Amino acid sequence: MATIILICIGVLFNIFGCIGLIRLPDVYNRLQAATKCVTLGTCSILVGVLLHFGISNAGVKALIAIPLLFFAATVAAHALIRGTYHFGVKMSDKSVRDDYKDVKDEVS
Amino acid sequence: MINYLNILLYLQIILSGVCLYRVVRGPTIPDRMVGIDIFGILVVGICGIISIQTEKSYILDIGIAWIIFSFIGTLTLAKYLSGKKLHE
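Throughout this document, residue positions are counted from 1 along each chain, in the order its sequence is written. Chains carry letters and ligands carry numbers; both start at the beginning, A for chains and 1 for ligands, and go up in the order they are written. At least 70 in pLDDT is required for a residue's local features to be given in this predicted model, at least 80 for side-chain atom pairs to be given and counted, and no such filter applies to totals for whole chains, interfaces and linings, which use all residues.

Secondary structure summary: chain A contains four helices and zero strands in total. The helix and strand labels rest on DSSP assignments: H or I over at least four residues marks a helix, E over at least two residues marks a strand, and numbering proceeds from the N terminus. Beginning at the N terminus, the succession of helices and strands in chain A can be written as α-α-α-α. Each radius of gyration is computed over the set of C-alpha atoms, and the globule rule expresses the reference value as 2.2 Å times the number of residues to the power 0.38. Its C-alpha radius of gyration of 18 Å places chain A more than 25% over the 13 Å reference for a compact globule of 108 residues. Over its C-alpha atoms, taken along the principal directions, chain A stretches across nearly 50 × 30 × 15 Å.

We now examine helix α3 (residues 58-82) of chain B. Residue count minus one, scaled by 1.5 Å, sets the expected span of a helix. With 25 residues, α3(B) extends 37 Å between its outermost C-alpha atoms, agreeing within 8% with the 36 Å of an ideal straight helix rising 1.5 Å per residue. Neighbour counting defines burial: a residue surrounded by 20 or more other C-beta atoms within 10 Å of its own C-beta is buried, one with 12 or fewer is exposed, and intermediate counts give partly exposed, using backbone-placed C-beta atoms. Within the span of α3(B), buried status applies to Leu60(B), Gly63(B), Ile67(B), Ser70(B), Phe71(B), Thr74(B), Leu77(B), Ala78(B) and Leu81(B).

Parts of the model with low pLDDT should not have their predicted coordinates read in detail. A score between 0 and 100, pLDDT records how confident the predictor is in each residue. Scored by pLDDT, chain A has a mean of 89; 98% of the residues are at 70 or more. Looking over chain A, one finds the lowest element-wise mean pLDDT in helix α4 (residues 100-107) of chain A, namely 76, and the highest in helix α1 (residues 2-23) of chain A, namely 92.

Here the focus is the interface of chain A and chain B. By definition, residues are in contact whenever their C-beta atoms, placed on the basis of the backbone, come within 7 Å of each other. Counting residues at the interface gives 41 residues for chain A, matched by 41 residues for chain B. Looking at the side of chain A that touches chain B, the elements with two or more residues in it are α1, α2 (27-53) and α3 (57-87) of chain A. Following the grouping adopted for this structure description, the nonpolar residues are Ala, Val, Leu, Ile, Met, Phe, Trp, Tyr, Cys and Pro, the charged ones are Asp, Glu, Lys and Arg, and the polar ones are all others, Gly among them. The class makeup of the residues in the side of chain A that touches chain B is 28 nonpolar, ten polar and three charged.

Next up on the list: the packing of α1(A) against helix α2 (residues 29-54) of chain B. Angles here are taken between N-to-C directions and fall from 0 to 180 degrees, while the axes themselves are lines fitted to C-alpha atoms, restricted in helices to the stretch in contact. Contact geometry of α1(A) with α2(B) gives a least axis separation of 12 Å together with a crossing angle of 160°. Between α1(A) and α2(B), the crossing angle belongs to the class labelled roughly antiparallel. Two packed elements cross with a definite hand, and for α1(A) against α2(B) that hand is left-handed. Contact residues: Ile7(A), Gly10(A), Asn14(A) and Leu21(A) in α1(A); Ile38(B), Leu42(B), Gly45(B) and Ile49(B) in α2(B). Orientation is classified from the angle alone, with under 35 degrees giving roughly parallel, over 145 giving roughly antiparallel, 65 to 115 giving roughly perpendicular, and any other angle giving oblique. If you view the pair so one helix is near and one far, a crossing is left-handed when the near helix is turned anticlockwise from the far one by less than a right angle, and right-handed when it is turned clockwise.

We now examine the packing of α2(A) against α2(B). Taken N-terminus to C-terminus, the directions of α2(A) and α2(B) make an angle of 10°; their axes are 9 Å apart at the nearest point. With respect to each other, α2(A) and α2(B) are oriented roughly parallel. Contacts between α2(A) and α2(B) pair Val27(A), Arg30(A), Leu31(A), Ala34(A), Val38(A), Thr39(A), Thr42(A), Ile45(A), Leu46(A), Val49(A) and His52(A) from the former with Pro30(B), Asp31(B), Val34(B), Ile38(B), Ile41(B), Leu42(B), Val44(B), Gly45(B), Gly48(B), Ile49(B), Ser51(B) and Ile52(B) from the latter.

Once that is clear, we can look at unusual backbone geometry. Positive phi is not limited to glycine here, since Glu55(B) has a value of about 60°. Take Glu55(B): it is sitting in the loop between α2 and α3.

In structure tokens:
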């Protein structure tokens with residue numbers, strides 16, 4: 001039963017992330033919404049798999065996949081959005097601040 | 001329990017299709033890359049649900065390998081993008 005509840009929470013987070021991926025105005029907002037929601041939702045699904053199998057052959061694989069997914073997805077999103085800024089994609093018209101513009105030449 | 005898992009599995013597959021809509025539609029190149037990245041993470045969730053349904057453990061191996069290849073691919077494309085300019 002706990003497995004079903006955890007997987008339901010995970011799929012709910014994934015639905016919110018995909019709504020953000022479709023509806024938000026520019027690429028920065030889309031990545032910010034989608035990466036956080038979908039990563040934590042998938043981690044919740046994998047915790048459900050771990051509770052279902054217990055400490056066994058499959059449960060340990062799910063336990064390995066959780067930190068791997070957590071670090072890989074966040075680092076990839078950070079690198080992707082930095083490359084996007086240097087590529088020159090404009091922010092949407094409703095954006096109010098751009099703090100990275102001043103320090104871009106010093107950092108890179 | 002299997003019926004509930006079927007419903008959740010179909011929801012997850014529909015969400016993957018929604019990500020592919022962003023890949024097809026996206027106005028710039030980074031939009032398509034964001035769609036592919038999120039699609040890869042959703043597939044790992046699909047692998048977890050299928051491994052509960054079939055009680056097999058090797059399907060989780062597919063998920064782990066998918067995480068690693070998605071990470072390498074996204075890093076490579078990000079490195080490729082940061083050397084280019086959009087309006088040249």
